[in-house]
Amino acid sequence: MRTAPFIHIDNNIAVMDLKTIAALLPCVVYAVFSYGLRALVLTVFTAALWILTETAMKKVTGRGSLRDLSPAVNGIVLAMLLPPGTSLYMAALAVLFGSIVVKGLFGGEGAGFVNPAAAGRLFVEVCFPERMSGFYSVGVKMLAYKSLFDTKVPEETAVAEYSDFRPVELIAGHYPAFIGTGCLIMVITGLVYLIIKRSIRLETPVAFIAIIIIGRLIVDVRTDVYNTFVFIMTSGVVFAAVFIMSDITTTSRRGLNGVLMGMIGGLIAVALSLRGNPAVTLCVPPLAVGLISGFMDFTDSAGRKMRQKGGQADA
Amino acid sequence: MPFTERIHSFNNGIVTDDALDFSKRSSFKKEIMLERIYPTRVILPMKQHYGDEVIPTVSIGEHVLIGQCVGMPAPGTFAVPVHSGISGDVTDIKDITLPNGVNCKAVFIKSDRKRTFHPSVSPRNDVNISASSVMGIIKDAGIVGMGGEGIPTIAKINRARMFHVEELLVNCLQSEPYADSDFVRINNSADYIVMGAVAVAGAAGVSRINFLISEDRKEEILALQAAMERTAGRYSGYSFNFKFFRNRFPQGYYRLVAKALYGVEISETETLEETCSAVLFNCSTLYACWEAISDNMPLVARVLTVTGENGIRNNVIAPIGTPLSELMNTVNGMTDTQNLVIWGNCLTGLEAEDPDNTPVVKTTSGITILPRRDIATMPCIHCGDCSNACPMDIEPGLIHHLLKKGSVEEADLEGAGKCISCGACSYICPSGIDLTKTIASYAASRRTYTTRTHFSVDKIKLGAVSLLEAYEEEEKSDSAKKSDDIVLPFEGGKIV
Ligand code: SF4
Ligand code: SF4
């Protein structure tokens, strides 16, 4: 006999993933518009490889089949964080690290500590920094598919100072950046969609961005506060706030906890921004927050009980 | 509503998808399509209330009339009578089991299609009715809490008198998806509800009457306001007020009302009367009280929402005892046997496996028919949505896990026993985990307190005297005299 409740919210995990994918589409469109079909190939490749890897892992470990679309989300988010000149080899390495090491070994669906896309991206940045520097000027269409299979270190193109770009160019994403994080308008479009679909909680992302703005203003007030604007526009932190910091699985998103996590992430981002590596500035805060959330869970008596006894509520 | 008015609310809870809340969107409500159901037969369980089973007073073959008593409480039991809502012949008296597991005798009556009323059912002509007469009428009419609790209304009035409560709260906070029977009742009969509130307030010795309603129920607020204005001018002794609430499920539960209205956390063993000096009655219950007082009509029918996802929705007035299958037949398009028939509403109801032999009872505010579909389950993703939704401020995800692992003591420490089975956590869980089933069954199994304790049922039973009578005896020696001085100027259902 069935028991109550007899209805269920539409927002199940697969639907939530689908909504996130839909929210990411404007960024994908921007990526293709700015960096050509090469960006599309990279995005499809990372998403497909992530799905394949997780499916294979599930088969090998006997955990059934894929039941959500989180591998596709992870793959697309990762692609958006890559420099436009990234080769497929580097992308594949990032996917394998994110899916097998981070997501697979830490419990799989729903039980990860840190965002796997950010972890995969950071992994290739730290291990192969010279191969993750393929920035190109906007407007150079990357139709040279051959470069997707390049084993050579990509050549750096001389890029003008971001402060030389006009505000409207920065807002529209008309400057060299990671393939999907550059256009604020597209990121905000995705955010609005998620808000309308009630598929995002804003505590963490808002606190994250607020602290970054405050922190950067404090840093930049001695030089030029315009730099704060440039940083917010060009660093991809808004993308990270919307699509990584809001990750329900790895970031505590309840009320004050969510605000606190956002604030900690923001502080870390400000500190890292002073050192200048954009990928590190973007990926370390969500990873740190994920670890802190996990640690807090672990030290919390209730959370500890849960983790010790197998990690997750059984379906 | 003045914009400065405070909006009351408890923490958490859920606001269900707008798409589900058809009552806000559909036009039928404005057209007041309150269809009357004339079933071919009724099944009257002898235990439809909280308390003891009553004894059938009719025999097989006997002809009964509308309003006739067919079940009476045995002396010394906590119970109220049961009456027939149709005229016809008693075809059977046998044991039935209701979806909530209650096993009791039931009187089966086949309609004669004549709708003949019992001679006692006629407008009351008394000029003045004392508080104790009102209580007698409510008791004899078999009225129980129609919002779902099923506690005999007379017992609640007595408890209110015993604790000398200061406020009568009228619960107009129906909030479960699909259900809007109370709102239809308000739109149709706000005067009866307001008059019922005055009568019960008078009987309970209370002069302050507060209507609890969601701020966004504009139509119903206007209907009640108009009824209050019509009534208030004639009753200087009673004050009427609205208390506005934020619309969320399960707002109407008494412990959440206490939290939202008085900021008081009522424990499982406390009562609203004792802790907050207030007594809470569902608006449909008060309607029934006034119908009993003015028309001398016992509780033989009720409004209920018959609805489902297939687009056919209706509010009907059905005699108590109407088999669910007859309701489905009447509301066109709901006969599909592939559907799940729910005795009650979609978040808190129970599956009726045999709709032919499952009747509407006094507490049934809705019948829901939904397509059978399985919800895919996934592991918990620790999103915290269940904790955000739980009105009792517990962590359903964690408690579910602990119970599944057999760590009962730890689950108890986490507050598992507080669960009120509202279903909000399972409804909201994106992983489709049935948290409610696990937690609510545990909570039910450990519940040593019961409403029986609140009403001292067992103690009274031993004394071989009806609890209801016992309370009246108590009253007589205590505050009954004072209350009896309150003369309610009712005449023939009209305000004098
Ligand atoms: S069913 Fe119980 S645990 Fe779940 S939300 Fe309701 S009260 Fe909380
Ligand atoms: S709502 Fe479901 S998935 Fe989310 S924490 Fe609760 S049990 Fe886990």
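Structure shown above.
Basis of the calculations
- Residues numbered from 1 in each chain as written.
- Chains lettered and ligands numbered in written order.
- Predicted model: local features only at pLDDT ≥ 70, side-chain atom pairs only at ≥ 80, totals over all residues.
- Heavy atoms only, no water.
- Near = heavy atom within 4 Å.
- Nonpolar A, V, L, I, M, F, W, Y, C, P; charged D, E, K, R; others polar.
- Axes fitted to C-alpha atoms, helices over the stretch in contact; angles between N-to-C directions.
- Helix = DSSP H or I, 4+ residues; strand = E, 2+ residues; numbered from the N terminus.
- Parallel < 35°, antiparallel > 145°, perpendicular 65-115°, else oblique.
- Contact = heavy atoms within 4.5 Å.
- Buried area = accessible area lost by both parts, 1.4 Å probe.
- Salt bridge = Lys/Arg side-chain N within 4 Å of Asp/Glu carboxyl O.
- Polar contact = N/O pair within 3.5 Å; in protein donor to acceptor, adjacent residues only side chain to side chain.
- Buried < 20%, exposed > 50% of the residue type's maximum accessible area, 1.4 Å probe, protein only.
- Phe/Tyr/Trp six-rings, centres within 6.5 Å; stacked < 30°, edge-to-face > 60°.
- Lys NZ or Arg CZ within 6 Å of the ring centre and 35° of its normal.

S.K.: Got a minute to help me understand the site of ligand 1 in this structure?
M.R.: Taken together, 13 residues form the shell around ligand 1, and within it B:Cys390, B:Cys419, B:Cys422, B:Gly423 and B:Cys425 come nearest. For the shell around ligand 1, the class distribution of residues is 10 nonpolar, 3 polar and no charged.

S.K.: Help me understand the packing of helix 2 (residues 131-140) of chain B against helix 3 (residues 153-162) of chain B in this model?
M.R.: If you want to describe how two helices pack, look at the angle between their axes and the distance between the axes. Residues and elements named next belong to chain B. With their axes 8 Å apart at the nearest point, helix 2 and helix 3 run at an angle of 150° to one another. With respect to each other, helix 2 and helix 3 are oriented roughly antiparallel. The residues of helix 3 that touch helix 2, namely those facing Ala-131, Met-135, Ile-138 and Lys-139, are Thr-153, Ile-154, Ile-157, Asn-158 and Arg-161. Class assignment for the residues of the contact of helix 2 with helix 3 results in 5 nonpolar, 2 polar and 2 charged.

S.K.: Explanation requested: the interface of chain A and chain B in the structure shown.
M.R.: Size of an interface: often given as the accessible area lost when the parts come together. Residue-level contacts link 34 residues of chain A with 54 residues of chain B. Taken together, both faces of the contact between chain A and chain B bury some 4,000 Å²; the carbon and sulfur share is 58%. The tally of links between chain A and chain B comes to 0 salt bridges. The interface formed by chain A and chain B holds 6 residue pairs in polar contact (both at pLDDT 80 or more) in total. Elements with a minimum of two residues in the side of chain A that touches chain B: helix 1 (13-35) and helix 13 (301-308) of chain A. Across the side of chain A that touches chain B, the residue classes break down as 13 nonpolar, 8 polar and 13 charged.

S.K.: Please explain helix 2 of chain B as it appears in this structure.
M.R.: For an α-helix the count is 3.6 residues per turn, leaving residues at separations of three or four pointing the same way. Buried residues of helix 2 of chain B: B:Ala131, B:Val134, B:Met135, B:Ile137, B:Ile138 and B:Lys139, and no others. After helix 2 of chain B finishes, the residue B:Gly142 shows a positive phi value of roughly 70°.

S.K.: Honestly, the packing of aromatic side chains in this entry has me stumped. Any pointers?
M.R.: Each aromatic ring pair is characterised by the separation of its centres together with the angle its planes make. Going through the model one piece at a time under the given rule, you end up with 8 aromatic pairs over all chains. Geometrically, the ring pair formed by A:Phe239 and A:Phe243 is tilted, given 5.0 Å between the ring centres and 45° between the ring planes. Of this pair, A:Phe239 and A:Phe243 both sit in helix 10 (residues 237-243), 4 residues apart, which is roughly one turn of that helix. Each of the two residues, A:Phe239 as well as A:Phe243, counts as buried. Feature note: the residues B:Phe211, B:Phe242 and B:Phe244 constitute an aromatic cluster, connected by ring pairs. The aromatic ring of A:Phe231 is capped on one face by A:Arg216, whose charged end is 4.4 Å from the ring centroid. The ring of B:Phe183 has B:Arg217 lying over it, and the distance from NZ or CZ to the ring centre is 3.9 Å.

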